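Chain by chain, the residues:
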Amino acid sequence: MKSLIAALALSTALIAPGLALARPVTLTVNMAQYGGPGAYLAVYVTDASGAYVGSLWMAGGKSKYYKHLTDWAQMTGGDVAQVDGITGASVGAGQQLQLSMDLADALFDAGYTLHIDAAAEEMRDSPNEIAVPLTAAGAGQAVRGRRYIADFTYGF
Amino acid sequence: MLRQIHRWPGLLAAALILTLALSGAALSLFPALERLSSPAAVSGQTVGDLAAKVLAAHPGVEQIRRSPSGRITAYWFEGDVAGAAVVDPATGQDVASADQGAMQRWLTDFHRSLLLGDAGRYGSAVGAVAMLVLALSGALLVARRQGGWQRWFAPIKGPLAGRWHAELARVAVVGLGLSAVTALWMTASTFDLLPSDEANPALPQTVSGEVGLSPAAMTALQQTPMADLRDLTFPYAGDATDVFTLTTGAGTGYIDQGTGEMLAWQSPGPWTTVGEWIYLLHTGDGAALWGLLLGLAALTVPVLSVTGGLIWWRNRQSRPRLHGMAAASMAETVILVGSEGGTTWGFAAALARAMQGHGQGVHLAALSSFAPQTYAHAKQIVVMTATWGNGDAPTSARGALERIAKAAPLTGVPLVVLGFGDRNFPAFCAYAEAVETAARTAGWALPMALDRIDRQSPQAFARWSRAFGDLIGLPLDITHQPEAPQSTALRLLSRKDYGDSVQAPTSILRFALPQTPLWQRLTGRGIGRFSAGDLLGIVPEGSTVARLYSLASAQSDGFVEIVVRKHPGGLCSGQLLALRPGDTVQAFLRPNPGFQPDTSKAPLILIGAGTGIGPLVGFLRANRGHRPMHLWFGARHPQADYLYAEDLATWQADKRLTSLRTAFSRMGRRHYVQDVLREDAEAIRRLMAQGARIMVCGGREMAKGVRDAMTDILHPLGLSPASLRAGGRYAEDVY
């Protein structure tokens, strides 16, 4: 269980001052049995226009592979500083990744979308493996991934 | 020092290096297999054409990749189901699964991280560092052993394990060193220790907004040859703002899906380009043949490990233990040893035991540990040292000259130097001389002139020990027979007798080649591989002292042959000449690399008298390449001791022997071989002008007569036996 204070990499406007307007959110990623080595996952948020807002988590420690998280790499220019301090291990097939963090209330029901790009060595790059709008109503509803992720849920 | 650097990584990291080498060798097969199993490329095909074909077969295609081997893999979605396959570039149709085999994935993971994640990657890197140190120090050792880099591929001589080690290493070292360097680079890259400058162009601000153009109609894709392709990523279906992303060896760019124009392009920086080459050099991915060569180089590692371990073990075993040894600070006699193969240790231990027998406290140590300030109770210091190569320090004496030069001498403590070597080498006892000079310069008292022991002669050592005993006032007379390598029984096949009528009974004795299992040969037991000119040690019954005979045959002849003359009262020659076919003697091999023909095509002048013809006959018998070989042979009487007369006639007929001149001392003009040489002075000078090499074998008197004759003959050319010997063109085997 990982506990994070307000996804520090998110742009300051979205971080609630003093955490008063934030709520604890749990992200749960269940990996599929995709038959390969541990997958890299980039979890990030875009706004209503599709522009990059900030990163929430990077699963996978070696930045030389980040280019395979193609959408994330394009949006950030491959900037490792975007995931400074919010990086963990890659996630193996069939495993579960659970992240707890305080997210600003303003992120919900405001057109923001949470994305997960995925990739594994010698396998396909899967940008936009998950793309789910952040809404209060969507909490607790599992979303299926395309290739690596069996399902993804965020909940309060 | 170099040897220490080579030894310890080899011994400590052997298991790790073996693991990496074997898994690497197995992995080297995969690029070749991939190359063989991939559908053939279509010549002249463009990326646009390929993309259109794949798109037709898989409308949901997202990405097309081309591996360095040329294999094309397509990734797509059909409905919600992800699909991937190797495709035939000619048709765009699937031909094989895109998934890497579990075996290859496991091996890759094992090779680079020992299945232990990042910690294992560091472990593998340690193995690569050890490999690199071994490769570099090993290359320097081979160069030193061979006498310079330009002689890198010259034939290697010596005991079996050492020869195999050097033979394999000098071929494989480039591959092994490169594998290690590239592995370290890749590890550094993985841990972000190298700058990253991959192409990552900024996304275009505006696109045409149109969709639906066929890739085959896109200029940017049509202008890109298939062979340059690395990766082509398609835009998201239904997203008119998205673009094609094209990556080639030259860079990455974005292509408008409506117009097919290149919107942005960026080339990677130098670090990325170098990194790609490093990857190719390490994995052979995209250079399958190179990969296989690297794999072969890696396969030498098990053999190098075993032979290297054997060399170390045998050197260790050869250093004797001295019971009741005194500490350096307590000993009255300090014996310091410079030894390469360990023989000198044997003499040193014999001296130490003899001194102990007289109640002396003795300290025995390697010459490289020379530290006179610690020898608080020393009454005398004895340095016994061999010479390595061209006058260099042997293993256990590395750095001794510098230590002698630096340390203050002990006043009133005499230092005695005894050299060991082989008179056939130009640098006979040169290192012992260097030690003596260094000690004299440093101010040591040297009451005894430097003595030199030729070819481990027990007699010469006993003589020296008596003189040394006189010096220190102890009655010493030490008989030390260097421990013969385990001897092997040789069975006599046939004998040919000569010389009875001239009171010089002489026989050519031919023994069967003993069958020795490989393992025994590697561990130094049995008769090793031998050439004519090497020495056969025979231990006569009733004696511990071996006699050495020059071999008149090589291993490839399939028999062991020596020529023996009976000496009046001679124990060994008497026993040998009494042998009947079927009888056996105990024998061992001692290599004699100083008396071997070189491998050039220059003429050889062979000069022998009596039994000295033995090794020369061996050279002639092996001369199937018809190198010009001229023999001058001296005997007593053509009807009595004209050894090998029929063979010499045969070889002259089949051109193995170019010319033959004989001298008989009990007939006609009563000539010796040196007299005939003088008669043939003009011919000899002509041969010398062609670069001829001279090899002399016989008794001490005869060799001296030949040397004198040659001095006169060569004088007009400005040459002398001494100058030729220094250049490796005048070799003697004298007994």
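Nothing here was measured: the structure is a model prediction, and the numbers come from that model.

All names here are of chain B. At a closest axis distance of 7 Å, the pairing of helix α6 (residues 117-146) and helix α7 (residues 160-190) adopts a crossing angle of 145°. Pair α6 / α7 crosses with left-handed handedness. Its residues assigned to classes, the contact of α6 with α7 shows 15 nonpolar, five polar and four charged.

Turning our eyes to something else, we now look at α7(B). All names here are of chain B. With 31 residues, α7 ought to run about 45 Å at 1.5 Å a step, and its terminal C-alpha atoms sit 42 Å apart, in line with that. Ala 172 marks the point of greatest bend in α7, at about 55°. One or two positions beyond α7, positive phi appears at Asp 192, with a value near 60°.

Before going further, it helps to examine the nonpolar core. All names here are of chain A. Ranked by internal contacts, the top residues of the largest apolar core, which has 44 residues, are Leu 27, Leu 41 and Phe 152. Counting only elements with at least two residues in this core, the list comes to β2 (22-31), β3 (40-46), β4 (52-59), α1 (70-76), β6 (96-104), β7 (113-119), β8 (125-133) and β10 (149-155). The element that contributes the greatest number of residues to this core is β3, accounting for six residues. The contact partners of Phe 152, leaving out residues within four places of it in the chain, are Leu 27, Thr 28, Val 29, Leu 114, Ile 116, Ile 130, Val 132, Gln 141, Ala 142 and Val 143.

Moving on to the environment of Lys704(B). Examined against the element boundaries, Lys704(B) turns out to sit in helix α21 (residues 700-714). In the structure, Lys704(B) is positioned 30 residues away from Gln674(B) in sequence and 9.4 Å away in space, judged by C-alpha atoms.

Another point: the side chain of His115(A). All names here are of chain A. Within the fold, His 115 resides in strand β7. Residue classification places His 115 among the buried residues on the basis of a relative accessible area of 9%. A distance of 2.7 Å separates polar atoms of two side chains, one belonging to His 115 and the other to Thr 46. Of note is the side chain of His 115, whose polar atom sits 2.7 Å from the side chain of Asn 128.

With that out of the way, let us pick up the domain arrangement of chain B. Each assigned domain of chain B is listed here: domain 1 (2-32 + 104-196 + 277-312), domain 2 (40-89 + 198-268), domain 3 (319-472), domain 4 (488-594) and domain 5 (597-734). Inter-centroid distance (C-alpha atoms) of domain 3 of chain B to domain 4 of chain B is 34 Å.

This brings us to the interface of chain B and chain A. Contacts between chain B and chain A engage 25 residues on the former and 24 residues on the latter. Buried surface at the junction of chain B and chain A, both sides included, amounts to about 2,100 Å², of which 37% is carbon and sulfur. For chain B, the biggest contributors to the area lost against chain A are Arg105(B), Asn200(B) and Tyr236(B); these three give 21% of the whole. Scanning the region where chain B abuts chain A turns up six salt bridges.

The next thing to look at is the pattern of salt bridges. Side chains that carry opposite charge are capable of pairing whenever their charged atoms lie near each other. Residues and elements named next belong to chain B. A full pass over the atoms with the stated rule returns 33 salt bridges over all chains. We note a salt bridge from Arg 621 to Glu 561, for which the minimum N-O separation is 3.0 Å. Of this pair, Arg 621 sits in helix α17 (residues 613-621) while Glu 561 sits in strand β18 (residues 559-565), and the two are 60 residues apart along the sequence. Because the salt bridges share partners, they merge into one network encompassing Arg 510, Asp 557, Glu 561, Arg 621 and Arg 624.

Within this structure, the stated rule accounts for 24 aromatic pairs over all chains. On the basis of an interplanar angle of 80° and a centroid distance of 4.9 Å, the ring pair of Tyr34(A) and Tyr148(A) is categorised as edge-to-face. Here Tyr34(A), found in the loop between β2 and β3, pairs with Tyr148(A), found in the loop between β9 (143-144) and β10; they are 114 residues apart in sequence, far enough to count as distant. Comparing Tyr34(A) with Tyr148(A), the two get one shared label, buried. Where Trp149(B) meets Trp152(B), the ring centres are 5.6 Å apart and the plane angle is 15°; that geometry is what we call stacked. Given a relative accessible area of 51%, Trp149(B) falls into the exposed group. Here the basic side chain of Arg23(A) rests over the ring of Phe156(A), its NZ or CZ set 4.4 Å away from the ring centre.

Let's shift gears to helix α1 (residues 2-12) of chain B. Residue and element names in this part refer to chain B. Leu 2, His 6 and Pro 9 are the residues of α1 that are buried. The arc enclosing the buried residues of α1, seen along the axis, measures out at 85°, which places them on a common side. Looking at the buried positions of α1, the neighbouring elements they touch are α2 (14-27), α6 and α7.

All names here are of chain B. Overall, parallel pairing links the five strands, which are arranged β22-β21-β20-β23-β24 in an open sheet. With one partner strand each, in any of the chains shown, β22 (659-664) and β24 (730-734) form the two edges of the open sheet. This sheet shows a mean twist of 10° between the axes of neighbouring strands, independent of strand direction. Strand direction decides the pairing type here: strand β20 (residues 604-609) and strand β21 (residues 629-635), joined by six bridges, are parallel. Residue Leu 606 lies in a different strand from β21, and its bridge partner there is Leu 631.

Calculation criteria
Residues numbered from 1 in each chain as written. Chains lettered and ligands numbered in written order. Predicted model: local features only at pLDDT ≥ 70, side-chain atom pairs only at ≥ 80, totals over all residues. Heavy atoms only, no water. Axes fitted to C-alpha atoms, helices over the stretch in contact; angles between N-to-C directions. Helix = DSSP H or I, 4+ residues; strand = E, 2+ residues; numbered from the N terminus. Left-handed = near helix turned anticlockwise from the far one by under 90°. Nonpolar A, V, L, I, M, F, W, Y, C, P; charged D, E, K, R; others polar. Expected span 1.5 Å × (residues − 1). Bend = angle between axes of the 7 residues up to and from the residue. Core = buried A, V, L, I, M, F, W, Y, C linked by side-chain atoms within 4.5 Å. Buried < 20%, exposed > 50% of the residue type's maximum accessible area, 1.4 Å probe, protein only. Contact = heavy atoms within 4.5 Å. Polar contact = N/O pair within 3.5 Å; in protein donor to acceptor, adjacent residues only side chain to side chain. Domains from an automatic or database assignment. Buried area = accessible area lost by both parts, 1.4 Å probe. Salt bridge = Lys/Arg side-chain N within 4 Å of Asp/Glu carboxyl O. Phe/Tyr/Trp six-rings, centres within 6.5 Å; stacked < 30°, edge-to-face > 60°. Lys NZ or Arg CZ within 6 Å of the ring centre and 35° of its normal. Arc of directions from axis to C-beta. Pairing = 2+ DSSP bridges.

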